[in-house]
2 protein chains.
Amino acid sequence: MKLSSKGRYAVMALVDLARFNEINPVSLRDISLRQGISLDYLEQIFSKLRKNEIVQSVRGTQGGYVLNKKAREIKLTNILDAVDEKVKTVQCKKELKKGCNGKPTKCLTHNLWDELETHINNFFDKKSLEDLVQDNLDRRV
Amino acid sequence: MKLSSKGRYAVMALVDLARFNEINPVSLRDISLRQGISLDYLEQIFSKLRKNEIVQSVRGTQGGYVLNKKAREIKLTNILDAVDEKVKTVQCKKELKKGCNGKPTKCLTHNLWDELETHINNFFDKKSLEDLVQDNLDRRV
DNA sequence: ATAAACCTGACTAAAATAGTCAAGTATCTT
DNA sequence: AAGATACTTGACTATTTTAGTCAGGTTTAT
Ligand code: FES
Ligand code: FES
């Protein structure tokens with residue numbers, strides 16, 4: 001089980017953005033340079049973040065992106081959802097009334113994965129962007 | 001972030017095996033039929049489980065596999081490690097003294113993913129095969 | 001002898017990932 | 001008005017990972 005780059009980049013970029021957010025819009029170019037992420041890829045990611053109302057865009061020169069909410073109110077869950085990086089542990093689809101094995105009963109491990117999903121989402125629900133920025137400042141001192 | 005089939009199958013197969021373990025070796029063919037997993041694929045998986053001393057093989061007719069330890073002592077961690085399905089959240093390699101961004105300092109999110117990894121592994125460390133079997137019997141009643 | 005079952009390694013199709021590329025549009029500065 | 005900066009969109013592609021398959025064994029109970 002591996003974390004995708006898209007999810008990592010999204011969070012990384014937002015932490016970067018959040019640090020300068022109070023002052024000015026932050027351009028993707030700057031984030032790209034500071035964090036070493038391809039500009040084109042960042043554009044894809046921010047397009048999704050914007051559609052999910054996590055950031056707002058400011059067009060034109062001196063433009064960039066700004067957070068759309070307080071950093072404290074943006075949870076990791078929201079970010080990962082926005083870029084389609086939700087955790088998905090169970091393989092079966094509930095709308096088809098079938099288990100992952102094709103049979104009508106759930107497989108032997110369904111409950112386990114369901115529990116795991118909850119466990120992971122708890123973690124994501126608790127962490128806010130503010131926590132991350134703060135954690136970073138702490139380390140710097 | 002998705003769970004791989006290999007990991008799911010490994011756990012599923014072992015739960016199945018554990019239920020009959022006391023009596024006789026369980027053949028992969030039976031597991032294949034009961035759980036709907038390709039026999040060839042199961043063989044790959046059990047080869048790894050055997051090398052990691054989670055199961056023992058009994059060759060010949062009436063052969064099969066047997067647990068190599070008490071179900072209570074086999075944790076999910078052990079199973080997933082054996083089939084190379086460890087969780088891997090950080091992307092950087094510590095032996096190269098570089099962050100995931102190629103720079104000599106860790107990226108803004110390194111700590112976060114590290115925490116997440118710990119959080120997930122806690123879950124896997126606690127759950128034993130016995131828990132899973134028991135959970136399954138409970139549901140059946 | 002023969003059939004059941006383990007054992008091994010190589011191979012492959014399909015899906016997901018991690019981007020790139022091209023062609024815009026909007027806004028600010030001068 | 002011109003030029004530069006920066007967002008916007010959608011299509012395209014190479015690489016990697018996943019999820020198996022396939023072919024050919026070896027071992028052992030009956
Ligand atoms: S994961 Fe839901 S039935 Fe197997
Ligand atoms: S994950 Fe370790 S430096 Fe980014």
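Since this is a predicted model, take the numbers as computed values, not measurements.

Reading guide: rules and limits
Residues numbered from 1 in each chain as written. Chains lettered and ligands numbered in written order. Predicted model: local features only at pLDDT ≥ 70, side-chain atom pairs only at ≥ 80, totals over all residues. Heavy atoms only, no water. Least-squares fit on C-alpha atoms with pLDDT ≥ 70 in both. Contact = heavy atoms within 4.5 Å. Buried area = accessible area lost by both parts, 1.4 Å probe. Salt bridge = Lys/Arg side-chain N within 4 Å of Asp/Glu carboxyl O. Phe/Tyr/Trp six-rings, centres within 6.5 Å; stacked < 30°, edge-to-face > 60°. Helix = DSSP H or I, 4+ residues; strand = E, 2+ residues; numbered from the N terminus. Buried < 20%, exposed > 50% of the residue type's maximum accessible area, 1.4 Å probe, protein only. Arc of directions from axis to C-beta. Near = heavy atom within 4 Å. Polar contact = N/O pair within 3.5 Å; in protein donor to acceptor, adjacent residues only side chain to side chain. Nonpolar A, V, L, I, M, F, W, Y, C, P; charged D, E, K, R; others polar. Expected span 1.5 Å × (residues − 1).

Asker: Which residues make up the relation of the copies chain A and chain B, and what are the values?
Answerer: When chain A is brought onto chain B, the operation consists of a screw motion whose angular component is 180° and whose axial shift is 0.0 Å, with 0.1 Å RMSD remaining. Overall, the copies show the geometry of a two-fold rotation axis. Both copies share a contact surface, since 100% of the interface residues of chain A are interface residues in chain B too.

Asker: So what's going on with the interface of chain A and chain B? Which residues, and what values?
Answerer: Each partner contributes to the interface: chain A provides 41 residues, whereas chain B provides 41 residues. Between chain A and chain B, roughly 4100 Å² of surface is buried when both sides are summed, and carbon and sulfur atoms account for 63% of that area. The largest per-residue losses of area from chain A upon contact with chain B belong to Met1(A), Leu3(A) and Leu108(A), which jointly make up 22% of the total buried on that side. Viewed at the interface, chain B and chain A are joined by two salt bridges. Among the ionic pairs, Glu115(B) bridges to Lys127(A), the shortest N-O distance being 3.2 Å.

Asker: Account for the packing of aromatic side chains, with residues named and values stated.
Answerer: Two descriptors summarise a pair of aromatic rings, namely the distance from one centre to the other and the angle between the planes of the rings. Residues and elements named next belong to chain A. Tallying each qualifying case throughout the model produces six aromatic pairs over all chains. Plain terms: the ring middles of tyrosine 9 and tyrosine 41 are 5.9 Å apart, the flat faces sit at 85° to each other, and that makes the pair edge-to-face. Taken as a pair, tyrosine 9 in helix H1 (residues 5-20) and tyrosine 41 in helix H3 (residues 39-51) lie far apart in primary sequence, 32 residues in all. The class of tyrosine 41 is partly exposed, set by a relative accessible area of 28%.

Asker: Got a sec to walk through helix H2 (residues 28-35) of chain B? Specific residues and values, please.
Answerer: Residues and elements named next belong to chain B. Buried within H2 we find Leu28, Ile31, Ser32 and Gln35. Viewed along the axis of H2, the buried residues span an arc of 100°, placing them on a single side of the element. Turned more than 90 degrees off the buried face of H2, the exposed positions are Arg29 and Leu33. Packed against the buried residues of H2 are helix H1 (5-20), helix H3 (39-51) and strand S2 (64-67).

Asker: I'd like a rundown of the protein's contact with DNA strand C, residues and numbers included.
Answerer: The environment of DNA strand C is formed by 26 residues, the closest being Ser38(A), Gln44(A), Arg50(B), Ser57(B) and Tyr65(B). Sugar and phosphate atoms form 61% of the subset of DNA strand C atoms that lie within 4 Å of the protein. Arg50(B) places a polar side-chain atom, nitrogen or oxygen, 2.7 Å from a phosphate oxygen of DNA strand C. Mapped by element, the contributors of at least two residues to the surface near DNA strand C are H1 and H3 of chain A together with H3, strand S1 (55-58) and S2 of chain B. Broken down by class, the residue content of the surface near DNA strand C amounts to six nonpolar, 14 polar and six charged.

Asker: Can you explain H3(A)? Please cite residues and give values.
Answerer: All names here are of chain A. Along its 13 residues, H3 runs 18 Å from first to last C-alpha, staying within 8% of the 18 Å computed at 1.5 Å per residue. Residues of H3 that are buried include every one of Leu42, Ile45, Phe46 and Leu49, and no others. Buried residues along H3 cover an arc of 100° about the axis, so they all sit on one side. Turned more than 90 degrees from where H3 packs its buried face, Asp40 and Lys51 sit exposed. On the buried face of H3, the contacting elements are H1, helix H2 (28-35), strand S1 (55-58), strand S2 (64-67) and helix H4 (76-82).

Asker: Which residues make up unusual backbone geometry, and what are the values?
Answerer: Even without a glycine there, the phi angle at Asp84(A) is positive, about 60°. Here Asp84(A) lies in the loop between H4 and helix H5 (110-126).

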